[in-house]
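Listed below are the residues making up each chain.
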Amino acid sequence: MRYLRTGALAAIRRPRPTDADEFVAATRRSRDLHHPWLVAPTSAEEYDRYLARIRRRDSAGYLICDRASGAIAGYVNISGIVLGALRGGFLGYAAFAPFSGTGHASAGIALVIDHAFTTAGLHRLEANIQPGNEPSRRVARKLGFRLEGFSPNYLFVDGEWRDHERWAITALPTPPAPSA
């Protein structure tokens, strides 16, 4: 298996059409884990649409794989990629059962962040997290994201407009504010 980045626990790679069955099975068994925070592909047709979306110029997708078995442990997407002066995008992520809570998501997301900031040349990643989604908030804090704000009715998820907190990380540390 050719990975983009590897760590002790997890590795990341691009999703392939041949991953459809494993990915769909993982999203189905993780439905209760993800609800109401996100909606993931639960059919081969939805997976095909997902692949088409992450292959656009303004998106990227990654699978988090367990290093020991190669099993898909979760996934990470970067959407809304803008180059030029911003060089940023929006990060979305999810762990799959039985890997939730094992550190695979944090390890895999850290690998994606490293890849985005080095190979892909991005400078800023923003994760929009629903306030009640404590596991995602924990991951963001653990990886060095900072809470930047609150957006009411920000994203339409699972049939409803939902509030989100805006968390962000940059490739370079945020400079101190100028003193007055």
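This text follows the structure it describes.
Overview of the structure. (Residues numbered from 1 in each chain as written. Predicted model: local features only at pLDDT ≥ 70, side-chain atom pairs only at ≥ 80, totals over all residues. Heavy atoms only, no water.)

Within the protein one finds five helices and eight strands. Listing every helix and strand of the protein by position from the N terminus yields β-β-α-α-α-β-β-β-α-β-α-β-β. In terms of overall size, the protein behaves like a compact globule, its C-alpha atoms giving a radius of gyration of 16 Å where 180 residues would be expected to give roughly 16 Å. Seen through its C-alpha atoms, the protein measures out along the principal axes to roughly 60 × 35 × 30 Å. Per-residue burial for the protein yields a buried fraction of 46% across its 180 residues. Of the contacts made within the protein by residues no fewer than 6 positions apart, 59% connect residues no fewer than 24 positions apart. (Helix = DSSP H or I, 4+ residues; strand = E, 2+ residues; numbered from the N terminus. Rg over C-alpha atoms; globule rule 2.2 N^0.38 Å. Buried < 20%, exposed > 50% of the residue type's maximum accessible area, 1.4 Å probe, protein only. Contact = heavy atoms within 4.5 Å.)

With that settled, consider the pairing of strand S5 (residues 88-95). With six of eight residues buried, S5 lies mostly within the body of the structure. Two strands pair when backbone bridges link them, and strand S4 (residues 72-82) and S5 are joined in this way by seven bridges, in the antiparallel orientation. Bridge assignment links valine 82 to a residue of S5, and that residue is glycine 88. Taken together, S4 and the strand that follows it, S5, pair antiparallel across an intervening segment of five residues, in which glycine 84 is found at a positive phi of about 70 degrees. Direction of pairing for S5 relative to strand S6 (residues 124-129): parallel, over a ladder of three bridges. Following the sheet pairing, phenylalanine 90 is matched in S6 by glutamate 126. In the classification by handedness, the crossover that spans S5, the intervening helix H4 (residues 104-117) and the parallel S6 is right-handed. (Pairing = 2+ DSSP bridges. Right-handed = clockwise from strand over helix to strand, strands pointing away.)

Below, the discussion takes up the side chain of histidine 164. With respect to the secondary-structure elements, histidine 164 resides in strand S8 (residues 160-170). In this structure the side chain of histidine 164 is engaged in a polar contact, spanning 2.9 Å, whose partner is the backbone oxygen of arginine 162. Setting aside residues no more than four positions away along its own chain, histidine 164 makes contact with Asn128, Ile129, Gln130, Pro131, Gly149, Phe150, Ser151, Tyr154, Leu155 and Val157. (Polar contact = N/O pair within 3.5 Å; in protein donor to acceptor, adjacent residues only side chain to side chain.)

Right, let's get into the nonpolar core. In terms of nonpolar packing, the biggest core is built from 30 residues, with Val76, Ile78, Leu91, Tyr93, Ile109, Leu125 and Phe145 touching the most fellow members. Among the elements of the structure, strand S2 (10-13), strand S3 (60-66), S4, S5, H4, S6, helix H5 (134-142) and S8 are those that each provide at least two residues to this core. Among the elements that take part in this core, H4 stands out by supplying seven residues, more than any other. Every residue in contact with isoleucine 78, bar those within four places of it in the chain, is listed here: Asp58, Ser59, Ala60, Tyr62, Gly89, Phe90, Leu91, Val112, Ala116, Leu122 and Leu125. One finds Val24, Ala40, Ile72 and Tyr75 within the second-largest nonpolar core, a separate group that totals 15 residues. (Core = buried A, V, L, I, M, F, W, Y, C linked by side-chain atoms within 4.5 Å.)

Now for the sheet that holds S8. Strands sit in the order S1-S2-S3-S4-S5-S6-S8-S7 across an open sheet of eight strands; the sheet is mixed. Where the open sheet ends on each side, the last strands, each with one partner, are strand S1 (5-6) and strand S7 (146-157). H5 contacts S5, S6 and S8 of the sheet and is inclined by roughly 15 degrees relative to S8. (Axes fitted to C-alpha atoms, helices over the stretch in contact; angles between N-to-C directions.)

As a further point, take unusual backbone geometry. For the bond running from histidine 35 to proline 36, omega is 0 degrees, close enough to zero to count as cis. Tracing the sequence through the fold places proline 36 in the loop between helix H2 (31-34) and helix H3 (44-54). With an omega dihedral of 5 degrees, the bond running from alanine 97 to proline 98 counts as a cis peptide bond. Mapped onto the secondary structure, proline 98 falls in the loop between S5 and H4. In this model, arginine 87 sits at a positive phi of 50 degrees, which is unusual for a non-glycine residue. Residue position: arginine 87 is located in the loop between S4 and S5.

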